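Notes for the structure review
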Amino acid sequence: MDGNRGAVLRYPWDTPPPRGEMIAVAEGVLWARLPLPMKLDHVNVYALDDGDSWTVIDTGMGSGLTRDLWERLLAGPMAGKPVRRVIMTHHHPDHMGNAGWFQREKGAELLSTRTAWLFARMLMLDDQDAPPEETLAFWRSAGMAPEILNKRAGEKPFNYADIVYPMPLGFRRICEGETLTMGGRTWDIFTGNGHAPEHATFWSRDDNLVIAGDQILPSISPNIGVYATEPEADPLQGWLESCERFRAMAREDHLVLGGHKLPFTGLPIRMRQLIENHHGALDRLLRHLAAPHSAAECFAPLFKRTIGEAEYGLALVEAVAHVNHLYAKGLVSRTRRKDGAWLYQRRE
Ligand SMILES: [Zn+2]
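Residues numbered from 1 in each chain as written. Predicted model: local features only at pLDDT ≥ 70, side-chain atom pairs only at ≥ 80, totals over all residues. Heavy atoms only, no water.

1. Let's talk about the coordination of the zinc ion
Note the cut-off: The donor definition counts N, O and S atoms within 2.8 Å of each metal and applies 3.2 Å to Na, K and Ca; water is not among these atoms, so some sites may look incomplete. In short, tetrahedral needs four donors with all angles between 85 and 135 degrees, square planar needs four and octahedral six donors with opposite donors over 155 degrees apart and all other angles between 65 and 115, and whatever is left is irregular.
Only D94 (OD), H95 (NE2), D214 (OD) and H260 (NE2) from the protein coordinate the zinc ion, and they sit 2.0 to 2.5 Å from it. Given four donor atoms and angles of 90 to 162 degrees at the metal, the environment of the zinc ion is assigned as irregular.

Here it is as structure tokens:
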């Protein structure tokens, strides 16, 4: 659901740091990129200079390659100073995949919201050889195309533990409304929902920096998805609430350091875009649901482009998030089709 690409946003750096290098985006704040083996092929990580040590924010997907890159960063631009604290903005593996490595191998303390940490530890234990029955039921309810469902039913699912370094016990909780000192600044901690529960963001009191993780991204809209763990969830409600809250805090001069893409200014307009993108999608979806459709039959009005097989999974969880939101709001009703799919239809 990309939209309004770059209309009034400004990107102070038009190219990201090359592999193994870092860019100082402000005094004491370094930006690096780590590769991801997917369509979205990178994640941004940051190191904040605490004088005698570093605070690292987000760590990349857990792999030998990303840990080798971290070793290069630590020895090079980070000048061999120890990493005393590692922060995970949210529980997704591209952000916290090496957090346990920093704890175990580098002696760092892990800081996280409680929900993000619990989710990560819970998912570490969920080691599956085949999709469980609940996942198959969820896919059927969403109306997943039969040929894709049959294929996926026979495949070993993605396991979180495969791409996340083992997490030792213990962390320090960070909370909404607290402050944290790092990189020579005091930061307000605000948490958001929708992309990941209790996602942490950091807003500098001393200058214009906002470290946003995936809660606020330029040029791509963070994925809002529903999963088999909570099939009736309405993450879009949490997303829109968070966006409205951050919109009220947004300043023109804020420099937003996100989890993907480039640092940018123009946060007030970006918050408006992020909200309007979903309202626009919900309006198109409601018109589409004049006739009954499953979530999987809602890609065209939601995404306005063809969805390939590589994107199908992400598109499906996002489509379920949108129909669930309309259903929770009482704007659509639903009935079961013979094959188990929920069909949603606009209430008159
Ligand atoms: Zn991400």
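Back to the text.
2. So, the side chain of S204
So the rule is basically this: Under the DSSP-based scheme used, a helix requires at least four consecutive residues in state H or I and a strand at least two consecutive residues in state E, with every element numbered from the N terminus. Burial classification: accessible surface area is computed with a 1.4 Å probe over protein chains only, and a residue below 20% of its type maximum counts as buried, one above 50% as exposed, and the rest as partly exposed. Two N or O atoms form a polar contact when they lie within 3.5 Å of each other; inside protein one atom must be a possible hydrogen donor and the other a possible acceptor, and for residues adjacent in sequence the pair counts only when both atoms belong to side chains.
Considering the arrangement of structural elements, one finds S204 in strand β10 (residues 199-204). Assessed through its relative accessible area of 8%, S204 is described here as buried. Within polar-contact distance, the side chain of S204 engages the side chain of D207 at 2.7 Å.

3. Some remarks on the packing of aromatic side chains
Keep this limit in mind: Stacked, tilted and edge-to-face are the three classes applied to pairs of Phe, Tyr and Trp rings, where Trp contributes its six-membered ring and a pair requires centres within 6.5 Å; stacked means planes under 30 degrees apart, edge-to-face means over 60, and tilted covers the rest. We call a charge positioned above a ring when the Lys NZ or Arg CZ atom is no farther than 6 Å from the ring centre and deviates by at most 35 degrees from the ring normal.
With the rule as written, the count across this model stands at nine aromatic pairs. With a centroid separation of 5.7 Å and an interplanar angle of 65 degrees, the aromatic rings of F299 and F303 are classed as edge-to-face. Here F299 and its partner F303 are both found in helix α9 (residues 299-303), four residues apart, which amounts to about one turn of the helix. A relative accessible area of 8% places F303 in the buried class. Plain terms: the ring middles of F299 and Y312 are 5.4 Å apart, the flat faces sit at 75 degrees to each other, and that makes the pair edge-to-face. Of this pair, F299 sits in helix α9 while Y312 is found in helix α10 (residues 309-328), placing the two residues 13 residues apart along the sequence. Looking at F299, the relative accessible area reads 10%, which means it is buried. Through a chain of ring-to-ring contacts, three or more aromatic side chains come together here, namely W70, W101 and F102. Geometry around F246 places R245 over its ring, the cationic atom sitting 5.2 Å from the centre. The ring of W342 has R336 lying over it, and the distance from NZ or CZ to the ring centre is 3.9 Å.

4. Digging into the packing of helix α8 (residues 267-288) against α10
Rules: Every axis corresponds to a line fitted to the C-alpha atoms, with the helix fit spanning only the stretch in contact, and the corresponding angles, defined between N-to-C directions, vary from 0 to 180 degrees. Angular relationships are summarised with four words: roughly parallel below 35 degrees, roughly antiparallel beyond 145, roughly perpendicular across 65 to 115, and oblique for the angles in between. Contacts were defined at the residue level, with two residues in contact if any of their heavy atoms lie within 4.5 Å. Each residue is assigned to one of three groups, with Ala, Val, Leu, Ile, Met, Phe, Trp, Tyr, Cys and Pro labelled nonpolar, Asp, Glu, Lys and Arg labelled charged, and all others, Gly among them, labelled polar.
As a packed pair, α8 and α10 sit with axes 11 Å apart at the nearest point and diverge in direction by 75 degrees. Classed by the angle they form, the pair α8 and α10 counts as roughly perpendicular. For the pair α8 and α10, contact is made by H278, A281, L282, L285 and L286 and by E318, H322, V323, H325 and L326, respectively. Residues belonging to the contact of α8 with α10 are distributed by class as follows: six nonpolar, three polar and one charged.

5. Quick look at the packing of helix α7 (residues 235-249) against α10
Contact pair α7 / α10: the axes reach a minimum separation of 7 Å and the direction vectors enclose 85 degrees. Taken together, the axes of α7 and α10 lie roughly perpendicular to each other. Between α7 and α10, the contacting residues are P235, L236, Q237 and L240 on the first element and A321, H322 and H325 on the second. Across the contact of α7 with α10, the residue classes break down as four nonpolar, three polar and no charged.

Function cannot be inferred from these measures alone, as they are strictly geometric.
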